[in-house]
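# Architecture and fold: a report
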Amino acid sequence: MNYRRLLVFLMLFLLLLLSACAQEAGEETLETADMILTNGTIYTADQEDTIAEAIAVKDGKIIFVGTAEGAEDYQGESTQVVDLGGGMLLPGMIDSHLHAPGTKLTELYCIDLNGILRLEETLKTIETYIQNNPDMEIYYGSGFSIGAFSGEEAAKGPKKERLDAICPDKPVILNSYDGHVTWMNSKAFEEFGITKDTQV
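Just so it is clear, the model here is predicted, and its values are computed rather than measured.

We now examine the environment of E31. Relative to the helices and strands, E31 resides in the loop between α1 (3-26) and β1 (35-38). For E31, a relative accessible area of 43% corresponds to the partly exposed category. Measuring from C-alpha to C-alpha, the distance between E31 and D73 comes to 8.7 Å, with 42 residues separating the pair along the chain. Apart from residues no more than four positions distant in its own chain, E31 is found in contact with K58, I63 and Y74.

Structure representation (structure tokens):
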């Protein structure tokens, strides 16, 4: 046997084997997704508030979050592709006690008194809101602090006369931050037929 030929053959075989192994190691094996949701605005809710274009899901678990192009690498023949059409995708809300839309409703459409601890600022905030919204037929609000008041008002609740001085002709109904006290003006008492004889 020609040992030189054998040595060349073994070297070539070894090179081919190493090349094949290197190629296999360099190729990333990606899972095939059951579903891809793409072409959307995907809010990830991570530490950086990252926004993505697409996600890929397999066996009920997210296996990719990123660009629409990147998600194509996870697409197989049986993958269901959902075009979000530019819509937004949010994480599922799992909460046993949820107040949607939370304080935003108060901030947008009501007198927001949350976090205000001084009487003067409380009254000014109420007055400003009513002046800025003259077309409303009734004014609702919440978040006022009993601690902003003193004396009898701190014990029994704020007097209606304070609201009468700001808005005498339309009902004003405000709830305290803890939800235990409601403060109304005279017009609100009149509108809803509440008198000193009303049964609680």
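Let us keep going from here.
The 3 strands lie next to each other as β3-β2-β7, forming an open sheet whose pairing is mixed. In this open sheet, the two strands that pair with only one neighbour each are β3 (51-52) and β7 (88-89). Pairing analysis gives 2 bridges linking strand β2 (residues 41-43) to β3, with the strands arranged antiparallel. Its bridge partner lying in β3, I42 is registered against A52.

With that settled, consider the layout of surface pockets. What the largest pocket holds in volume is close to 170 Å³. As for the largest pocket, its lining consists of I42, Y43, T44, I55, V57, I62, V65, L89, L90 and P91. Elements with a minimum of two residues in the lining of the largest pocket: β2, β4 (54-58) and β5 (61-66). Classifying every residue of the lining of the largest pocket by side-chain character gives 9 nonpolar, 1 polar and no charged.

So, on to the packing of aromatic side chains. Counted by the stated rule, this structure contains 5 aromatic pairs. Seen in terms of ring centroids, F149 and W183 are 5.3 Å apart; in terms of plane orientation they differ by 90°. Their pairing is edge-to-face. With F149 in the loop between β9 (139-144) and α5 (151-156) and W183 in strand β11 (residues 182-184), this pair connects stretches of sequence that are 34 residues apart. Relative accessible area serves as the criterion here: at 1%, W183 is assigned to the buried category. Within the aromatic cluster, the residues linked to one another by ring pairs are F144, F149 and W183.

A few words now on the pairing of β4. Extensive coverage of β4 is indicated by the burial of 4 of its 5 residues. Sheet topology places β1 next to β4; 3 bridges connect them, and they run antiparallel. If you follow I36 over to β4, its bridge partner there is A56. When β4 meets β5, the two strands line up antiparallel, connected through 5 bridges. In the sheet register, A54 faces β5, and the bridge partner there is G66. Where β4 hands over to β5, the hairpin turn is made up of 2 residues, of which D59 adopts a positive phi near 55°.

Cut-offs applied
Residues numbered from 1 in each chain as written. Predicted model: local features only at pLDDT ≥ 70, side-chain atom pairs only at ≥ 80, totals over all residues. Heavy atoms only, no water. Helix = DSSP H or I, 4+ residues; strand = E, 2+ residues; numbered from the N terminus. Buried < 20%, exposed > 50% of the residue type's maximum accessible area, 1.4 Å probe, protein only. Contact = heavy atoms within 4.5 Å. Pairing = 2+ DSSP bridges. 1 Å grid on protein atoms, 1.4 Å probe; cavity = no way out; pocket = protein on both sides within 12 Å on 5 of 7 lines; lining within 4 Å. Points joined across faces, edges and corners; volume = space filled by probe spheres on them. Nonpolar A, V, L, I, M, F, W, Y, C, P; charged D, E, K, R; others polar. Phe/Tyr/Trp six-rings, centres within 6.5 Å; stacked < 30°, edge-to-face > 60°.

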